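Now for the letters of each chain:
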Amino acid sequence: MDSLKQKIQAAGQVLSDQVLKVDAFLNHQIDPQLMSEIGDEFASRFADAGVTKIVTIEASGIAPAIMAGLKMGVPVIFARKHQSLTLTDNLLTSTVYSFTKRVESTIAISTTHLSAQDHVLIIDDFLANGKAAQALISIIKQAGASIAGLGIVIEKSFQAGRQELESQGYRVESLARVQSLEGGQVTFLDD
Ligand code: 5GP
């Protein structure tokens, strides 16, 4: 997706060979026009996939997920990372190791919102080693729902996430595939 790649080049900051900071348009300040285009792109790529719900993880997955949900006409559920007094229904949980925060946390979705009839599109801001995706897959499977695929805004293709997910049979659609962050430069894989 060219507009996304251009935005990454113009406003992304390479923090190290492993980490790209996109606080200017995705992870802190959010560019609504770009999010809208991202929603259109996910909707077009998964148009025939029979998606009934979108699942993401708070906080940074919510913006692209909600735009995709709007364009696809399906509800969006975000897995919560923190215990909440209002999240008291039966919970489906999984643990996830955070690539950026380097801590393990429990994420939860209430059983109220996912059922065995659902065919779920997982959306997230980044795909690195796939830990967040695997935790969401675990929760969706606990609900008995099936998985249509994964929609990722920025994939770091030099990390293992895509390979592992594809080897498990999941469809992965990434809107920007970063080949390398070496030398402070972002280079993309040709899609
Ligand atoms: P994974 O679980 O695939 O190892 O890492 C994906 C999660 O870690 C994403 O939800 C994202 O929040 C965070 N993440 C991974 N790599 C990066 C990165 O280079 N930059 C930013 N901003 N977040 C990242």
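Residues numbered from 1 in each chain as written. Predicted model: local features only at pLDDT ≥ 70, side-chain atom pairs only at ≥ 80, totals over all residues. Heavy atoms only, no water.

A. Quick peek at the packing of helix α2 (residues 32–45) against helix α3 (residues 62–72). Here α2 crosses α3 at 55°, and the two axes come no closer than 8 Å. The angle between α2 and α3 places the two elements in the oblique class. For the element pair α2 and α3, the recorded crossing hand is right-handed. Across the interface between the two elements, Pro32, Met35, Ser36, Ile38, Gly39, Asp40, Phe42 and Ala43 from α2 touch Ala63, Pro64, Met67, Ala68, Lys71 and Met72 from α3. For the contact of α2 with α3, the class distribution of residues is 10 nonpolar, two polar and two charged. (Axes fitted to C-alpha atoms, helices over the stretch in contact; angles between N-to-C directions. Helix = DSSP H or I, 4+ residues; strand = E, 2+ residues; numbered from the N terminus. Parallel < 35°, antiparallel > 145°, perpendicular 65-115°, else oblique. Left-handed = near helix turned anticlockwise from the far one by under 90°. Contact = heavy atoms within 4.5 Å. Nonpolar A, V, L, I, M, F, W, Y, C, P; charged D, E, K, R; others polar.)

B. Representation of the site of the ligand within the structure. Near the ligand, the surroundings consist of 16 residues, among which Leu20, Ala128, Gly130, Ala132 and Lys156 are the closest. Measuring from an oxygen atom of the ligand, one finds a backbone N or O atom of Ala128 at 2.8 Å. Between Gly130 and the ligand, the recorded distance is 2.6 Å, taken from a backbone N or O atom to an oxygen atom. Here the ligand has 500 Å² of accessible area as a free molecule, and 89% of this is covered by the chains. A majority-of-atoms criterion places the ligand in the largest pocket. Those elements that provide at least two residues to the shell around the ligand are β7 (119–127) and α4 (131–142). Here the shell around the ligand gets four residues from one element, more than from any other, and that element is β7. Of the residues assigned to the shell around the ligand, the class counts are seven nonpolar, five polar and four charged. (Near = heavy atom within 4 Å. Polar contact = N/O pair within 3.5 Å; in protein donor to acceptor, adjacent residues only side chain to side chain. Areas by Shrake-Rupley, 256 points an atom, 1.4 Å probe, with all protein chains shown as cover. 1 Å grid on protein atoms, 1.4 Å probe; cavity = no way out; pocket = protein on both sides within 12 Å on 5 of 7 lines; lining within 4 Å. Sits in = over half its atoms within 2 Å of the grid points.)

C. Molecular detail of the sheet that holds strand β9 (residues 172–180). With mixed pairing, the six strands of this open sheet are ordered in space as β4-β3-β7-β8-β9-β10. Only two strands of the sheet have a single neighbouring strand rather than two, namely β4 (76–79) and β10 (187–188). In this sheet, β9 lies alongside strand β8 (residues 146–156) in parallel orientation, the contact comprising six bridges. Counted as the bridge partner of Leu150 is Val172 from β9. Strand contacts of α2: β7, β8 and β9, with the helix running at about 120° to β9, the strand carrying the most contacts. Contacts from α3 reach β3 (53–57), β4, β7 and β8 within the one sheet, and its direction differs from that of β3 by about 175°. (Pairing = 2+ DSSP bridges.)

D. Focus on the nonpolar core. With 34 residues, the main nonpolar core has Leu4, Ile8, Ile38, Val51, Ile54 and Ile154 as its most contacted residues. Ignoring any residue separated from it by four or fewer positions in sequence, one finds Ile54 in contact with Ala65, Ala68, Gly69, Met72, Val74, Pro75, Val76, Ile77, Leu121 and Ile123. Core analysis: the next-biggest nonpolar cluster, separate from the first, contains 26 residues, Ile57, Ala79, Leu114 and Ile122 among them. (Core = buried A, V, L, I, M, F, W, Y, C linked by side-chain atoms within 4.5 Å. Buried < 20%, exposed > 50% of the residue type's maximum accessible area, 1.4 Å probe, protein only.)

E. Fine view of the pattern of salt bridges. Scanning all chains against the criterion turns up nine salt bridges. Across the pair Asp31 and Lys7 runs a salt bridge, and its minimum N-O distance is 3.2 Å. Separated by 24 residues along the polypeptide, Asp31 in the loop between β2 (20–21) and α2 and Lys7 in helix α1 (residues 2–11) bring together distant segments of the chain. Residue classification places Lys7 among the partly exposed residues on the basis of a relative accessible area of 27%. Here Lys53 and Asp118 are joined by a salt bridge, their closest N and O atoms 3.7 Å apart. Remark: Asp118 occurs in the loop between β6 (104–110) and β7 and Lys53 occurs in strand β3; sequence separation between them is 65 residues. Owing to a relative accessible area of 16%, Lys53 belongs among the buried residues under this scheme. Taken together, the salt bridges that share partners define one network made up of Glu41, Arg45, Arg171 and Glu173. (Salt bridge = Lys/Arg side-chain N within 4 Å of Asp/Glu carboxyl O.)

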